[in-house]
Amino acid sequence: MPADIATDIALQIRGLEKSFGRNRALAGVSFSVRRGERVAFLGPNGAGKTTLIRCLSGRTRPDSGEIWVMGQPVEQREARDVIGLVPQEIALYQDLTTRENLMVFGKLHGLSRRGVRDRVEWALNWTGLSERADDLVGGFSGGMKRRVNLACGVMHSPRILLLDEPTVGVDPQSRQRIFSMLDDLSRNGCSILLTTHHLEEAEQQCDRVVIVDRGKVVADGSINELIARSVGTSRWVRLRVDPPLKSPLTIDDGESAKPIGQTGDHQVTTRIDDVSTHLPGLIGWIREQGYAIADVEVHAPSLHHVFLHLTGHELRDA
Ligand SMILES: Nc1ncnc2c1ncn2[C@@H]1O[C@H](COP(=O)(O)OP(=O)(O)OP(=O)(O)O)[C@@H](O)[C@H]1O
Ligand SMILES: [Mg+2]
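The structure displayed is predicted, hence computed values, not measured ones.

Next up on the list: the packing of helix α3 (residues 98-108) against helix α5 (residues 142-153). Look at α3 against α5: their axes get within 9 Å of each other, and the N-to-C directions meet at 25°. Here α3 lies roughly parallel to α5, going by the angle between them. In terms of crossing hand, the pair formed by α3 and α5 is right-handed. Taking contact as the criterion, the partners of T98, N101, L102 and F105 in α3 are, on α5, V148, A151 and C152.

Here the focus is the coordination of the magnesium ion (ligand 2). Protein coordination at the magnesium ion (ligand 2): the donors are T50 (OG1) and Q88 (OE1), at 2.0 to 2.7 Å from the metal. Here T50, found in helix α1 (residues 49-56), pairs with Q88, found in the loop between β6 (83-86) and α3; they are 38 residues apart in sequence, far enough to count as distant. For T50, a relative accessible area of 29% gives the class partly exposed. Take Q88: its relative accessible area is 26%, and that puts it in the partly exposed class.

It is worth spelling out helix α4 (residues 113-127) at this point. An ideal rise of 1.5 Å per residue puts 21 Å on 15 residues; α4 measures up with 21 Å between its terminal C-alpha atoms. Among the residues of α4, V116, R119, V120, A123, L124, W126 and T127 are the ones counted as buried. The arc enclosing the buried residues of α4, seen along the axis, measures out at 160°, which places them on a common side. Of the residues in α4, the exposed ones pointing more than 90 degrees away from the buried face are R114, R117 and N125. Buried residues along α4 sit in contact with α3, α5 and α6 (172-187).

The next subject is the pairing of strand β8 (residues 191-195). When you tally the buried positions in β8, you get 5 out of 5 residues, the bulk of the element. Residues S191, L193 and T195 point to one face of β8 and I192 and L194 to the other, with burial holding for every one of them. Looking at chain direction, strand β3 (residues 38-42) and β8 are connected through 4 bridges and run parallel. Counterpart to A40 in the pairing with β8 is L194. Relative to β8, strand β7 (residues 160-164) is paired through 5 bridges, and the arrangement is parallel. Paired with L161 across the two strands is I192, which belongs to β8. Running through α6, the crossover from β7 to the neighbouring parallel element β8 is right-handed.

As far as domains go, the protein holds domain 1 (9-229) and domain 2 (235-300). For domain 1 and domain 2, the distance between their C-alpha centroids amounts to 46 Å.

Further remarks concern helix α9 (residues 275-288). If you check α9, its first and last C-alpha atoms are 19 Å apart, about what 14 residues at 1.5 Å a residue would give, namely 20 Å. Within the sequence span of α9, burial applies to L279, L282, I283 and I286. The arc that holds the buried residues of α9, viewed along the axis, is 95°, so those residues lie on one side. Along α9, exposed side chains directed more than 90 degrees from the buried face belong to T277 and E288. Buried residues belonging to α9 abut β11 (235-242), β12 (249-252), β13 (257-261), β14 (267-272) and β15 (292-299). Trailing α9 by a residue or two, G290 shows a phi angle of about 100°, which is positive.

Strands pair in a sheet through their backbones, by hydrogen bonds, and they do so in one of two ways: parallel or antiparallel. Strand order in this open sheet of 6 strands is β6-β7-β8-β3-β9-β10, and the pairing throughout is mixed. This sheet does not close on itself; its edge strands, each paired only once, are β6 and β10 (216-221). Neighbour-to-neighbour, the strand axes of this sheet turn through a mean angle of 15°, independent of strand direction. Pairing of strand β9 (residues 208-213) with β10 involves 5 bridges; the strand directions are antiparallel. Note on β10: the bridge partner recorded for V210 is D220. Across the face of the sheet, α1 comes into contact with β3, β6, β7, β8 and β9 while running at roughly 150° to β7.

Criteria and thresholds
- Residues numbered from 1 in each chain as written.
- Chains lettered and ligands numbered in written order.
- Predicted model: local features only at pLDDT ≥ 70, side-chain atom pairs only at ≥ 80, totals over all residues.
- Heavy atoms only, no water.
- Axes fitted to C-alpha atoms, helices over the stretch in contact; angles between N-to-C directions.
- Helix = DSSP H or I, 4+ residues; strand = E, 2+ residues; numbered from the N terminus.
- Parallel < 35°, antiparallel > 145°, perpendicular 65-115°, else oblique.
- Left-handed = near helix turned anticlockwise from the far one by under 90°.
- Contact = heavy atoms within 4.5 Å.
- Donors = N, O, S within 2.8 Å, 3.2 Å for Na, K, Ca; no water.
- Buried < 20%, exposed > 50% of the residue type's maximum accessible area, 1.4 Å probe, protein only.
- Expected span 1.5 Å × (residues − 1).
- Arc of directions from axis to C-beta.
- Pairing = 2+ DSSP bridges.
- Right-handed = clockwise from strand over helix to strand, strands pointing away.
- Domains from an automatic or database assignment.

Structure, rendered in structure tokens:
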């Protein structure tokens, strides 16, 4: 294990590059995932997420760069054995039952006959599909197939799990189930790298966020760190006033007068740093100008604003 990789690092990626012809899918990607950490890996369509996951799981060979898995280079078999992959497309045998699918993947991962038997029972429980153990997977709903797909990827108890959009096309109930399944893995120390197009999912489910755009990491940190570094922590405030503004309203914060509402508008918007101290002052001041306040909305900055700020794109739901 290289001396410059800390012992609590499960996955270390350095300067990873991969091109398809003249298309640079990965243009020098570096980041790490700590043991037991959950990292959301986000980026617009075509940013390079699946390519990176394929490089990590040994399905694609990078042009250059290094991948270290639990202190071992990814090229070594032992390193790959500790990785679990749940691919973007459902990869199940539709004409086999749940139990049979789990057995096939268990054997594929090199488990002993006894190991497969124990693990299948565990997986049926874990997915909540014990009662459907002997039904053909082909007849399952999208959410149920996703759960089996996930179980097949962890039959060998990986230390690092790579999930490429595990909740696409999944109903809210199955989605909840999938996240409680992931909670279970985290509690047991498994590191999780999760690609998703749902920003609120990343916000709720992950400790840290890595955003890629055009094959490069454009942000890496906790949500609060990214907000502070990019859009800032101040709140957007929107007030509905009555009657409509007779003239433009400006607020003087001592540095520069800022416009907060246009003539003829019912709406006044501005940013404030501290809601509890600044909002009452703002409301009082607008009232003093002769307007009643009909409504107040306060918006905290979110990962959505960070993403837009850094990439200039909406994150499309694929
Ligand atoms: N096998 C391949 N052959 C040629 N080009 C490829 C191949 N795989 C990926 N690419 C290209 O590499 C770039 C990154 O693709 P990738 O699938 O990694 O993006 P992504 O971030 O996973 O996107 P999405 O959010 O749509 O899943 C894209 O421009 C894509 O067209
Ligand atoms: Mg993808």
